[in-house]
There are 2 protein chains.
Amino acid sequence: MKRTEISEYGEFGLIDHLTKGIENVNASTAYGIGDDAAVLDYKGKQTLVTTDMLMEGVHFDLTYVPLKHLGYKAAMVNISDIYAMNGTPRQMTLSVALSKRFSVEDMEDFYAGVLLACQKHGVDLVGGDTTSSLTGLAISITCIGEADKDRIVFRNGAGQNDLICVSGNLGAAYMGLQLLEREKAVYYSDPKNLQEPFSPDFAGKEYILERQLKPEARGDIIEQLDKAGIKPTSMMDISDGLSSELMHLCRQSGTGCSVYEERIPIDYETAVMAEELNMDVYTCALNGGEDYELLFTVPLTDHDKVLQLKDVKIIGHMTRPELGQHLVTRSGQEVELKAQGWQSNL
Amino acid sequence: MKRTEISEYGEFGLIDHLTKGIENVNASTAYGIGDDAAVLDYKGKQTLVTTDMLMEGVHFDLTYVPLKHLGYKAAMVNISDIYAMNGTPRQMTLSVALSKRFSVEDMEDFYAGVLLACQKHGVDLVGGDTTSSLTGLAISITCIGEADKDRIVFRNGAGQNDLICVSGNLGAAYMGLQLLEREKAVYYSDPKNLQEPFSPDFAGKEYILERQLKPEARGDIIEQLDKAGIKPTSMMDISDGLSSELMHLCRQSGTGCSVYEERIPIDYETAVMAEELNMDVYTCALNGGEDYELLFTVPLTDHDKVLQLKDVKIIGHMTRPELGQHLVTRSGQEVELKAQGWQSNL
């Protein structure tokens, strides 16, 4: 593997190298990389801004996350926040601080991941900062999008009888993380693995791995909602776990909620992995986080429309606030929801 | 000093605590902190976006930078980039990653500094991220502003005979840094300083210290330019040093330049400090960086208008590109400009 030191390029040289050939695809990108600030023109639409910071050792572990995947995921997580407002992501700024451990080729991989995610969702990379760090890698991304004023969906608009919907399935990203952690432990438990090529046992677990390493922001759901003429009353993406996010929606909308355990969508691989690890799969789905699925509420009158949506499930309904936030278990018991929220691990 | 552990609040609790009472002042801030993304409405104006990342040990040294000053400077540096586009800063997002070394009170100080800078320039804090770091403090700020499309000034518009202007004076921030580094070395050279209260020798050096620790973005110059009916042909703020920034303007505008050493504005304290340290004050002014003054060019026809501006000096003129970038020394020699650029030290 070729290794070019960052110092061969210098800060400006590195940025030029990594960003050359970037072509903007959005009419709203009036001016991208190369000045004190980027210039955007939304021509009367509203501007959405979200930002996230990711630190090595806290949010990601480079022993099992390839840099290209890391870039992809870091971008996707921010793109997801714009969709969660019912908006369209358009631009991104990317700041990276890196120690001498990283080479130019490492950064090329990382950028390739970021740019792939951007390309998939029609996002222009319009600026950023590349600088040094004493230890490890730090990433900060800001994603900017647009929406018509009357289409934006906040967390605070749910009504008391609204249906609670969720896209895709839950708990898979968390199970993928458990699998990676298990294989990492196996790897380090035997010193001879450090000398030989190591083949972790991932057979039949590709889906949960992909959910952890390469999450997809659900722009397709936003598109479906628009086509079906549904404007959710509240929405957010599930980054910290269903329980925690439901409590955000309830708190901000001033409602209670009832969610049915048996309705929570879970993939087969997630269930198998949970069983292997002797964990309760619903606990994982409720608290696992990092699925980046959309959680939203719609008025009861949209019930039939929602049933027509692909990959969306109704899992419960909002209630009067004094009823609190509840999970109805498969045995019919009402259990109070708790936002345990695992620490996010990218 | 009271010390409250961050863990007593948790991530969401800490953000709520630090951001409570924040009131937005801009009509363009449709929705601030509290959802997946902030919502801005520029009603037809163009949007400016700039971002910066600052790492402990690389960009700042907490042995002599108080956290409140750090917050103030980190915000100011980004606000300065919006002015450098001839725009008006309006919103900011702030991401912070911090290790267990930092307490809630530390973060209160840091936020107080950020909010003071925002308040001075009418900027709303509309979002961000607070997370953990294994070592030290990492800061990422994105500043967003607005401008009428035909008022934005890029780096690439300078013409071949345009006058080169600079606000304020140069080299002071760098001299302030040298002073702080010197006193730090004195402090650590004597072990008994660690036991006793230490009084560094800053008498008569207040101005250069302030320039290093508490820089001010030159919104006042942008206002003056507007009132005087001057639209610069190119502009940027001086963060890496005059030489380096001049070369950016020349490269992007396709011009050469001649700058006169004797015209470079230098404060008395800067000159005294340079003499004390046996350094050439012009070298410091040309390469020191972190002054956050504005460097801009205007057409020759604006010569008389520029003379009326307060705190602005004409230091040279653009030339044909084949003439290269030159400094004319006090003795009349033409020296080629070099962008040494010191590593930025916040």
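Given the structure is predicted, the values throughout are model-derived calculations rather than measurements.

1. Some thoughts on the packing of aromatic side chains
Then, number 1: One pass over the full model with this rule turns up four aromatic pairs over all chains.
Then, number 2: Ring geometry for Phe154(A) versus Tyr31(B): centroids 4.5 Å apart, planes at 40°, classification tilted. Within this pair, whereas Phe154(A) is found in the loop between strand S6 (138-147) and strand S7 (163-167), its partner Tyr31(B) is found in strand S1 (residues 29-31), the two belonging to separate chains.
Then, number 3: Looking at Lys214(A), its charged tip hangs above the ring of Tyr72(A), at a distance of 4.5 Å from the centre.

2. Digging into the pattern of salt bridges
Residues and elements named next belong to chain A.
Then, number 1: Counted under the stated rule, the structure contains 48 salt bridges over all chains.
Then, number 2: Residue Asp61 is joined to Lys184 by a salt bridge in which the shortest nitrogen-to-oxygen separation is 2.6 Å. Here Lys184 lies in helix H4 (residues 172-189) and Asp61 lies in the loop between strand S3 (46-55) and helix H2 (67-83), a separation of 123 residues in the sequence.
Then, number 3: Note that Glu293 is salt-bridged to Arg211, the shortest N-O span being 2.8 Å. Taken as a pair, Glu293 in the loop between helix H9 (281-287) and strand S10 (294-298) and Arg211 in helix H5 (residues 206-213) lie far apart in primary sequence, 82 residues in all. Both residues of the pair, Glu293 and Arg211, count as buried.
Then, number 4: Each of Arg211, Arg218, Asp220, Asp291, Glu293 and Asp311 takes part in one network of salt bridges that share partners.

3. Remarks on the confidence of the model for chain A
All names here are of chain A.
Then, number 1: Of all residues in chain A, 97% attain a pLDDT of 70 or more, and the chain-wide mean is 91.
Then, number 2: Low pLDDT, under 50, characterises residues 341-346; the predicted model gives this stretch 29 contacts beyond four residues in sequence or across chains.
Then, number 3: Quick note on the complex model: pTM equals 0.92, ipTM equals 0.90.

4. Side note on unusual backbone geometry
Then, number 1: Even without a glycine there, the phi angle at Lys43(A) is positive, about 45°.
Then, number 2: Of note, Lys43(A) is situated in the loop between strand S2 (38-40) and S3.
Then, number 3: For Lys43(A), a relative accessible area of 65% corresponds to the exposed category.
Then, number 4: Backbone geometry at Glu290(B) places phi at a positive 65°, although glycine is not the residue there.
Then, number 5: Counting through the fold element by element, Glu290(B) comes out in the loop between helix H9 (281-287) and strand S10 (294-298).

5. A word on the interface of chain B and chain A
Then, number 1: Each side of the interface is counted separately: chain B has 57 residues, and chain A has 57 residues.
Then, number 2: In total, chain B and chain A occlude about 4,500 Å² of area from one another, counting both sides; carbon and sulfur atoms represent 53% of this.
Then, number 3: For chain B, the biggest contributors to the area lost against chain A are Asp36(B), Val49(B) and Met53(B); these three give 16% of the whole.
Then, number 4: Remark: the boundary between chain B and chain A carries four salt bridges.
Then, number 5: With a closest N to O distance of 3.0 Å, Asp36(B) and Arg155(A) form a salt bridge.

6. Notes on the packing of helix H5 (residues 206-213) of chain B against helix H8 (residues 268-276) of chain B
All names here are of chain B.
Then, number 1: Packing of H5 against H8 brings their axes to within 8 Å, and their N-to-C directions diverge by 100°. If you check the angle between H5 and H8, you find them roughly perpendicular. In contact with Glu206, Tyr207 and Ile208 of H5, H8 contributes Glu269, Thr270 and Met273.
Then, number 2: Each residue belonging to the contact of H5 with H8 can be placed in one class, and the counts come to three nonpolar, one polar and two charged.

What counts and what doesn't
Residues numbered from 1 in each chain as written. Chains lettered and ligands numbered in written order. Predicted model: local features only at pLDDT ≥ 70, side-chain atom pairs only at ≥ 80, totals over all residues. Heavy atoms only, no water. Phe/Tyr/Trp six-rings, centres within 6.5 Å; stacked < 30°, edge-to-face > 60°. Helix = DSSP H or I, 4+ residues; strand = E, 2+ residues; numbered from the N terminus. Lys NZ or Arg CZ within 6 Å of the ring centre and 35° of its normal. Salt bridge = Lys/Arg side-chain N within 4 Å of Asp/Glu carboxyl O. Buried < 20%, exposed > 50% of the residue type's maximum accessible area, 1.4 Å probe, protein only. pLDDT = per-residue confidence, 0-100. Contact = heavy atoms within 4.5 Å. Buried area = accessible area lost by both parts, 1.4 Å probe. Axes fitted to C-alpha atoms, helices over the stretch in contact; angles between N-to-C directions. Parallel < 35°, antiparallel > 145°, perpendicular 65-115°, else oblique. Nonpolar A, V, L, I, M, F, W, Y, C, P; charged D, E, K, R; others polar.

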